[in-house]
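# Survey of secondary and tertiary structure
Listed below, chain by chain, are the residues.
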Amino acid sequence: MRHAHTVAQVRAAEEASPDLASGVLMQRAARGLAHAVIDLLGGAYGRRVVLLVGSGDNGGDALYAGAYLARRGALVDAWLLSERAHPGGLAALRAAGGRTVASAARADVVVDGIVGIGGRPGLRREAVAACRALGVRVGADEHARPLVVSVDLPSGLDADTGRVEGSHVMADLTVTFGTEKVAHLVDPAAAACGTVHLVDIGLDLPAAAVEALQQADVATLLPVPEGADHKYTRGVVGVRAGSATYPGAARLCVAGAASGLVGMVRFRAVDGDEDTARRVVAARPEVVTNAGRVQAWVVGSGGGDRAADALAEAVGDGVPVVVDADALAAVDGPLAVPAVLTPHAGELAQLLGMERAEVEADQLSAVRRAADRFGAVVLLKGRRTLVAEPAGRVRVNTTGTPWLATAGAGDVLAGLIGSLLAAGLDPFDAASVGCWLHGAAATAASAGGPLTASAVADALSAAVRRVLPTP
Ligand SMILES: NC(=O)C1=CN([C@@H]2O[C@H](COP(=O)(O)OP(=O)(O)OC[C@H]3O[C@@H](n4cnc5c(N)ncnc54)[C@H](OP(=O)(O)O)[C@@H]3O)[C@@H](O)[C@H]2O)[C@@H](O)CC1
Ligand SMILES: [K+]
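All values reported here derive from a predicted model rather than from experimental measurement. (Residues numbered from 1 in each chain as written. Chains lettered and ligands numbered in written order. Predicted model: local features only at pLDDT ≥ 70, side-chain atom pairs only at ≥ 80, totals over all residues. Heavy atoms only, no water.)

## What to know about the site of ligand 1
The cut-off we apply is this: A molecule or strand has a residue near it when one of that residue's heavy atoms lies within 4 Å. Here a polar contact means two N or O atoms within 3.5 Å. Within protein one must be a hydrogen donor candidate and the other an acceptor candidate, and residues neighboring in sequence count only if both atoms are side-chain atoms. Only the protein chains shown count as cover for residues, with accessible areas throughout obtained via the Shrake-Rupley method and a probe of 1.4 Å. Gly falls in the polar group here, along with every residue not listed as nonpolar (Ala, Val, Leu, Ile, Met, Phe, Trp, Tyr, Cys, Pro) or charged (Asp, Glu, Lys, Arg).
The immediate surroundings of ligand 1 are formed by 23 residues, with Asp61, Arg84, Gly116, Gly122 and Asp152 found nearest. Here a nitrogen atom of ligand 1 sits 3.1 Å away from a polar atom, N or O, in the side chain of Glu14. At a separation of 2.8 Å, an oxygen atom of ligand 1 approaches a polar backbone atom of Asp57. About the coverage of ligand 1: the protein hides 82% of its 940 Å² of free accessible area. Looking at the shell around ligand 1, its residues break down into eight nonpolar, seven polar and eight charged.

Here's what the structure looks like:
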């Protein structure tokens, strides 16, 4: 599991550490930072390193790391952006042969120690000027020249929210300490961090504010059949998706549900269209279309306003429900059953009565607000899909590829989450495991190239297999 803590949690853990006062925490941080820079550059000797140094301990980390690199033969210049700079770090850099400069033009790597978790969002004028002089990106529209390594987090980001306010550094690599921060996992801030490398400095931390499942976590959570299981004990998922107008949505949602994680899939079109059902069975003969018990429903796209009736019928069965696409418009308050709502930013904006741009700018608070208001697990789709539950836990999904932004991918995801619910996972686990597997399947199927929703569905079983221990 990856964990992200808030600044207040990190500060409390630092205060409680016996190694804070002696400066040992900072030495661990600086050494980890220096090693990450050496790994990135493939060595230290002869490399040109420019440190951008602000007034706090973030700059101190950069200066101590610079001293370490200088001792290994790097040419290290520190550009001090404030009249104050960490005195111990500065002395160490000078003793190691590093210099202070008031301008710089060329670097193999720029180490961004302008500001860390003690900063306010945005960059000051002199920091922007220094970044521009070195070719460091401070927005999305410029081309970086040197590699940029940010200390703890790209300067100018807000550590705790995932929001972006004002200018900020765009990093290739972010080296953080003790634990990740919310900005490392949650978009749009996470998109500015590049690769995130965590250095353990020995902090004792409480439960995380935000977490991200890793393969080992998914392996533990996956429902695996045992000897005495039969198709009914493994769970039956019911799919209400597609219609005479949108038969494709039915096929894709069923394909997501029928990845082999449940014993059976029952299907009915949102509008009850028999022809859609015949086509689904023609494509997947294992799907049944007669009425019967299910352990979870998926009510999804197709059918427009008929989706409201389909949702009411599903809720009437008293089993957990995945509410996707057209069915989301029928949700105006908490449902009578455990539910997973799967909106994209536009749909979440409608659910909350906000603008889409507001949701995209502050994804974490929007998804938390929706989970609280609807008393349900809410999954906000995006590059970094967020899953929130009413009690406050949040997971971020880190699998997937930009090629996954394709029509029908959401239908596959809804079906997959429904199958995990029917197999017995609770809504929070079903939603977060579902989007992890969906992203992993997409990455494998894409192999760096174009992708269709059908290809994602076809790759699901193999994605599940890769997670399971080898028999
Ligand atoms: N404690 C420990 O043991 C460890 C700490 N660690 C490290 O310490 C870092 C936190 O250090 P910190 O608390 O000194 O805050 P930090 O982020 O360096 O700067 C705050 C100062 O910057 C200024 N400033 C504010 N906003 C600004 C802006 N937008 N743009 C520019 N400047 C701005 C403002 O000062 P001002 O200039 O306004 O007087 C403020 O006082 C943390 O991220 C990690 O790297 C690691 O070594 C692990 C062990
Ligand atoms: K920084």
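There's more to say after this.
## Some remarks on the domain arrangement of the chain
A common way to state how big an interface is: give the accessible area lost once the parts meet. To be explicit about the condition: Where each domain begins and ends follows an automated or database-derived domain assignment. Contacts are residue-level and defined by heavy atoms, with any inter-residue pair within 4.5 Å sufficient. When two components associate, each loses some accessible surface as probed by a 1.4 Å sphere; the sum of these losses over both components is called the buried area. A carboxyl oxygen of Asp or Glu within 4 Å of a side-chain nitrogen of Lys or Arg is what we treat as a salt bridge.
When its domains are assigned, the chain resolves into domain 1 (2-210) and domain 2 (215-467). Summarising the inter-unit geometry, the C-alpha centres of domain 1 and domain 2 are found 39 Å apart. Taken together, the contact between domain 1 and domain 2 spans 14 residues of the former and 12 residues of the latter. Of the roughly 980 Å² buried at the junction of domain 1 and domain 2 (both faces included), carbon and sulfur atoms supply 50%. By the criterion of area lost to domain 2, the three top residues of domain 1 are Leu185, Asp187 and Val210, representing 44% of everything that side buries. Where domain 1 touches domain 2, the interface holds two salt bridges. Inspection of the region where domain 1 meets domain 2 yields four residue pairs in polar contact (both at pLDDT 80 or more). Per-class residue counts for the side of domain 1 that touches domain 2 are eight nonpolar, two polar and four charged.

## Digging into helix H1 (residues 7-16)
Which entries qualify depends on this criterion: Each residue gets one of three labels from its accessible area relative to the maximum for its type: buried under 20%, exposed over 50%, partly exposed in between, using a 1.4 Å probe on protein chains only. Under the DSSP-based scheme used, a helix requires at least four consecutive residues in state H or I and a strand at least two consecutive residues in state E, with every element numbered from the N terminus. An arc is given here, and it is the one of the directions from the helix axis to the C-beta atoms.
For H1, the complete set of buried residues consists of Val7, Gln9, Val10, Ala13 and Glu14. Considered in projection along H1, the buried side chains sweep an arc of 160° and stay on one side of the axis. Turned more than 90 degrees off the buried face of H1, the exposed positions are Ala8, Glu15 and Ala16. The inward-facing, buried residues of H1 abut strand E1 (2-5), helix H2 (24-41) and strand E8 (180-181).

## Comments concerning the UniProt feature "binding site: K(+)" (unreviewed entry) in the chain
How we decide: UniProt positions are given in the numbering used here, feature names are shortened, and annotations may be inferred rather than shown by experiment.
In this structure's numbering, the residues bearing the UniProt feature "binding site: K(+)" (unreviewed entry) are Asn58, Asp112 and Ser155. These annotated residues cover 98 residues of sequence, but their C-alpha atoms sit close together, with the largest distance between any two at 9.5 Å. Within the secondary structure, Asn58 sits in helix H3 (residues 57-71). Accessibility expressed as a relative area gives 8% for Asn58, which makes it buried. When neighbours within four sequence positions are excluded, Asn58 is seen to be in contact with Asp112, Gly113, Ile114, Val115, Gly116, Val151 and Asp152. When you line up the elements, Ser155 lands in the loop between strand E6 (147-151) and strand E7 (173-177). Look at Ser155 and you get buried, because its relative accessible area is 0%. One polar contact links the side chain of Ser155 to the main-chain amide nitrogen of Val115, over a distance of 3.1 Å.

## Here's the deal with the environment of Thr6
Examined against the element boundaries, Thr6 turns out to sit in the loop between E1 and H1. Judged by relative accessible area, Thr6 falls into the partly exposed class, the value being 21%. For the pair Thr6 and Tyr64, spaced 58 residues apart in sequence, the C-alpha to C-alpha distance is 25 Å. Ignoring anything within four residues of it in the chain, the contact list for Thr6 reads Asp160 and Ala209.

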